[in-house]
Amino acid sequence: MTKKEKVIFVCQNCGAEFAKWLGQCPACSSWNTLVEELREKRNKIRKKQISSAIPLRLSEISLTDKLRLQTGIKELDLVLGGGIVAGSIILIGGEPGIGKSTLVLQIAEHIATSKQLASESMFNKVLYVSGEESIEQIKLRAERLKIKADNIYLLAENELENILEQIEQIKPVLIIIDSIQTIYSSNLTSSPGSVGQVRECTAQIMLAIKGNSKSDKSDFRPAVIIVGHITKFGAIAGPKTLEHIVDVVLYFEGDKFQQYRILRSTKNRFGSTQEIGIFEMSDCGLIGVETPSLLFLSQNRQTDISKTIGSVVIPTIEGSRPILLEVQALAARSYFSFPQRVTTGFDLRRLAMLLCILERHCNLDVGNYDIFVNTAGGIKISEPAADLGIVCAIASTFRSKAINTKSAIVGELALSGEVRPVSQIRNRINECVKMGFTEIIGPAYNLNNISIKNIKTIGITNVSEALEVLGII
Ligand code: TYD
Ligand code: MG
């Protein structure tokens, strides 16, 4: 901290400033909102330098300096929209143990051995800063992942000032900070991982790469990947407060006990946030999954059973990719005065709506039944296009009527019980054909005028018609 700076505490709710930390903000009475910040002393603020930036016409701006570093990991490039943009800051959030360190180490290897950079006559140096693990631990992981790249520099350090110094010295093309919650600036008194520290450290790193620390090529700026932990209940403190500063926010999801991991982008200044990346955690690191549908269909479907009760396959769309998901439902008479409704991977309130539709439009008296709905593999379904499939799965278990395992069901439901059209129907049908399904039941609007080889299309207009076609009512 220079003499011109001082530490203040700012309320995140109302912006009031205080010299000391307080549990409750005296100005707006909110609790735990004061965050430590560095501020230049008011009476010594330097006269503003006149900035040299001038407005340019849209047509005058060239995009050539926006170099994208392809990571060589197909799923990741898809989510990033084509690769890491030079000079950008990427935040990768996820629960502890989900595989963030594994992913960033694999990215480091690909960048360090990238031929793309060599052809631009730039050095492939990657600086991996770890505040959590010793360099020996990272080396062990690298051995496990069979990574031998010579251009990866490992640094076990927690103090920001030294990290900035090393960035200046090494001039890497990619900097990895694992994780931001373990880094601290000695200018602030709060402990590592506090909102003030996390924000200050990120801001300093940003200044460093956007300021003078340029790599060999004069207009090239290094990219930064910041790893941040989030907790199971509410993605609070660290990463959330950084979302507006960084260029790209990726979340790494999945169940620690399952093999697959999903990389989802919630913000991307250089591409779409629709795409997801699907990985499998194997003995030798994360591997991109080529046919995600295989991963989310239960083993039963891959054998020869022709009919199952309470289980439906839904062709969903994630970004530009169709994925077949299996939904399983179970209904049993309830022994409680409030029957239970439990879901994994599906919104509970949406389920309440669907149950109401079943009761009113199909005369199924599900009110006294406990209802459980699971998606195979626990993957989240957010598309309304899954409505019809879920309703059919519940009706099937309720009536104990089996559904053909080679049928896929898709359609959004209106409160009136009407089946609404869905987007990208051809994409969905093609995936069903690819995975060996012989029948698709869906909105009449989408399916009535369509004929595709090897699959029978059945268009329906409302939910009870669908249950009749399936022989449930
Ligand atoms: P890690 O990347 O350390 O998670 P994070 O940085 O998000 O906390 O890895 C988490 C888990 O992945 C760990 O429990 C071991 C497992 N793993 C594998 O199954 N295969 C591998 O090749 C590696 C490196 C890790
Ligand atoms: Mg880690």
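A brief structural summary. (Residues numbered from 1 in each chain as written. Chains lettered and ligands numbered in written order. Predicted model: local features only at pLDDT ≥ 70, side-chain atom pairs only at ≥ 80, totals over all residues. Heavy atoms only, no water.)

**Topic: the packing of aromatic side chains**
The description of two aromatic rings rests on the distance between their centres and on the angle between their planes.
Logical step 1: Applying the stated rule across the entire model yields 2 aromatic pairs.
Logical step 2: Residues Tyr-369 and Phe-398 carry aromatic rings whose centres are separated by 4.8 Å and whose planes lie at 70° to one another, so their mutual orientation is edge-to-face. In this pair, Tyr-369 sits in strand S19 (residues 369-375) while Phe-398 sits in helix H10 (residues 387-399), placing the two residues 29 residues apart along the sequence. Across the pair, Phe-398 and Tyr-369 agree in class, each one buried. (Phe/Tyr/Trp six-rings, centres within 6.5 Å; stacked < 30°, edge-to-face > 60°. Helix = DSSP H or I, 4+ residues; strand = E, 2+ residues; numbered from the N terminus. Buried < 20%, exposed > 50% of the residue type's maximum accessible area, 1.4 Å probe, protein only.)

**Some thoughts on the site of ligand 1**
Logical step 1: In the vicinity of ligand 1 lie 16 residues, with Gly-97, Ser-101, Thr-102, Ser-282 and Gly-285 positioned nearest.
Logical step 2: Between ligand 1 and Gly-99, the relevant distance is 3.0 Å, taken from an oxygen atom to a main-chain nitrogen or oxygen of the residue.
Logical step 3: In this structure, Arg-144 approaches ligand 1 through a side-chain N or O atom, which is 3.3 Å from a nitrogen atom.
Logical step 4: Taken by itself ligand 1 offers 560 Å² of open surface, and the protein chains cover 76% of this.
Logical step 5: If you list the elements that add at least two residues to the shell around ligand 1, you get helix H2 (100-112), helix H4 (135-144) and strand S13 (276-282).
Logical step 6: With 3 residues, the single largest contributor to the shell around ligand 1 is H2. (Near = heavy atom within 4 Å. Polar contact = N/O pair within 3.5 Å; in protein donor to acceptor, adjacent residues only side chain to side chain. Areas by Shrake-Rupley, 256 points an atom, 1.4 Å probe, with all protein chains shown as cover.)

**So, the nonpolar core**
Logical step 1: By size, the foremost hydrophobic cluster in this structure holds 48 residues, and its most contacted members are Leu-358, Leu-388, Ile-390, Cys-392 and Ile-394.
Logical step 2: For this core, the element with the highest residue contribution is H10, accounting for 8 residues.
Logical step 3: Contacts of Cys-392, omitting those with residues within four sequence positions, involve Val-312, Ile-403, Ile-409, Ala-466, Leu-467, Leu-470 and Ile-472.
Logical step 4: Formed by 40 residues, the second largest nonpolar core is a distinct cluster that contains Ile-90, Val-104, Leu-145 and Val-227. (Core = buried A, V, L, I, M, F, W, Y, C linked by side-chain atoms within 4.5 Å. Contact = heavy atoms within 4.5 Å.)

**Here we look at the pairing of strand S14 (residues 285-288)**
Logical step 1: Where S13 lies against S14, 4 bridges are found, and the strand directions are antiparallel. Following the sheet pairing, Phe-279 is matched in S14 by Gly-288.
Logical step 2: Here S13 folds back onto S14 in antiparallel fashion, the turn holding 2 residues. (Pairing = 2+ DSSP bridges.)

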